[in-house]
Amino acid sequence: MHKSREVLMVGTCGIDCYHGLDTELKINGAKIFKANTKEDAEALMGAHNFHLIMVNLEPDGEGGIAGSSILPSIANHQNQQDAVCLSISTQSSVSLLQSHPEYLEKLKIISGWLDLPTQPQKAASLMVDIMHAPGKLSIKHRS
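So, here is what we can say about the structure in this document. (Residues numbered from 1 in each chain as written. Predicted model: local features only at pLDDT ≥ 70, side-chain atom pairs only at ≥ 80, totals over all residues. Heavy atoms only, no water.)

1. Observations regarding the environment of L25
Put simply, the test is: The helix count covers DSSP runs of H or I at least four residues long, the strand count covers runs of E at least two residues long, and both are numbered beginning at the N terminus. Contacts between residues were defined by any pair of non-hydrogen atoms, one from each residue, lying within 4.5 Å.
Note on placement: L25 falls in helix α1 (residues 21-27). Between the C-alpha atoms of L25 and N76, which are 51 residues apart in sequence, the distance is 26 Å. The contacts of L25, once residues within four sequence positions are left out, are V7, M9, A30, I32, A124, M127, V128 and M131.

Next comes the structure, spelled out in structure tokens:
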């Protein structure tokens, strides 16, 4: 990477979904921050301007999306408007799109989804490219 990029990985669903991906991003020069609670993620967002924010989102089996409660905070946080927000899930993105409409509205800041298992080297390479040229993928263009 040309310049160090900061990445926030939010995993509130209790799944080790970033295994391998965090290592590959570090190899590519990214500084990784992880949060396991909404409160921890909000504190980190107050202290950093992230280039990429990844959120673990999972269907909750009741028409909702576990992990989505952080999305409005990300969308409305002034420090994060230039960040790109991605989702990672053990389920396909199609399963998330079957959620109730009030949950779907929160997803508009998500620029892309990774389904587990990932190919960490390939995914990290794409993320590095996105961080260097986010274009219309940044939160300010999606919310």
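2. Observations concerning the packing of aromatic side chains
Stated formally: Paired rings are identified among Phe, Tyr and Trp, the last through its six-membered ring, by centres lying within 6.5 Å, and are further divided according to the angle between planes into stacked (under 30 degrees), edge-to-face (over 60) and tilted (the rest). Exposure classes here rest on a 1.4 Å probe applied to the protein chains alone. A residue is buried below 20% of its type maximum, exposed above 50%, and partly exposed in between.
Counting across every chain of the model gives one aromatic pair. With a centroid separation of 5.5 Å and 75 degrees between ring planes, the pair formed by F33 and F50 is classed as edge-to-face. On the criterion of sequence distance, the pair formed by F33 in strand β2 (residues 31-35) and F50 in the loop between α2 (38-47) and β3 (52-56) is long-range, its members being 17 residues apart. In terms of burial, F33 and F50 fall into one category: buried.

3. Describing the environment of D60
So the rule is basically this: Each polar contact in these results corresponds to two N or O atoms within 3.5 Å; when the atoms are within protein, one needs to be able to donate a hydrogen and the other to accept it, and residues that are neighboring in sequence are counted only if both atoms are side-chain atoms.
Mapped onto the secondary structure, D60 falls in the loop between β4 (58-59) and β5 (65-66). For the pair D60 and L96, spaced 36 residues apart in the sequence, the C-alpha separation amounts to 9.2 Å. Look past the residues within four positions of D60 in its chain and what remains in contact with it is I65 and A66. A polar contact of 2.8 Å, which involves the side chain of D60, links it to the backbone nitrogen of G64.

4. Remarks on the pattern of salt bridges
Going by this rule: The salt bridge criterion pairs a side-chain nitrogen of Lys or Arg with a carboxyl oxygen of Asp or Glu, the two atoms within 4 Å.
Evaluated as defined, the whole model comprises three salt bridges. Put simply, D22 and K34 hold a salt bridge, and the shortest N to O gap is 2.5 Å. Pair noted here: D22 is in helix α1 and K34 is in strand β2, with a separation of 12 residues, a long-range link. Residue K34 is classed as partly exposed on the basis of its relative accessible area, which comes to 45%. Here K140 and D82 are joined by a salt bridge, their closest N and O atoms 2.6 Å apart. Placement of K140 in helix α7 (residues 139-142) and of D82 in the loop between α3 (71-76) and β6 (84-89) is noted, with a sequence separation of 58 residues between them.

5. Comments concerning the nonpolar core
Formally: Nonpolar core, defined: a set of buried Ala, Val, Leu, Ile, Met, Phe, Trp, Tyr and Cys residues in which side-chain atoms within 4.5 Å join the residues together.
Of all hydrophobic cores here, the largest spans 23 residues; its most connected members are L8, I53, V55, L57, L71, I74 and C85. Among the elements of the structure, β1 (6-10), β2, α2, β3 and α3 are those that each provide at least two residues to this core. If we ignore the near neighbours within four places in the chain, the residues touching V55 are V10, Y18, G67, I70, L71, I74, C85, L86, S87 and I88. Counting 19 residues, the second-largest nonpolar core is a separate cluster that includes C17, Y18, M54 and M127.

6. Some words on the sheet that holds β6
The following threshold applies: At least two bridges found by DSSP between two strands is the condition for calling them paired. Axes here refer to lines fitted to C-alpha atoms; in helices the fit is confined to the stretch in contact. Angles between the N-to-C directions go from 0 to 180 degrees.
Pairing is parallel in the open sheet, where five strands are placed in the order β2-β1-β3-β6-β7. In this open sheet, the two strands that pair with only one neighbour each are β2 and β7 (110-115). Sheet twist, expressed as the average angle between the axes of neighbouring strands with direction ignored, equals 20 degrees. Of the strands in this sheet, β1, β2 and β3 touch α2, which is tilted by about 145 degrees from β2. Strands in contact with helix α6 (residues 120-132) are β1, β3, β6 and β7; relative to β3, the strand with the most contacts, it is inclined by about 135 degrees.

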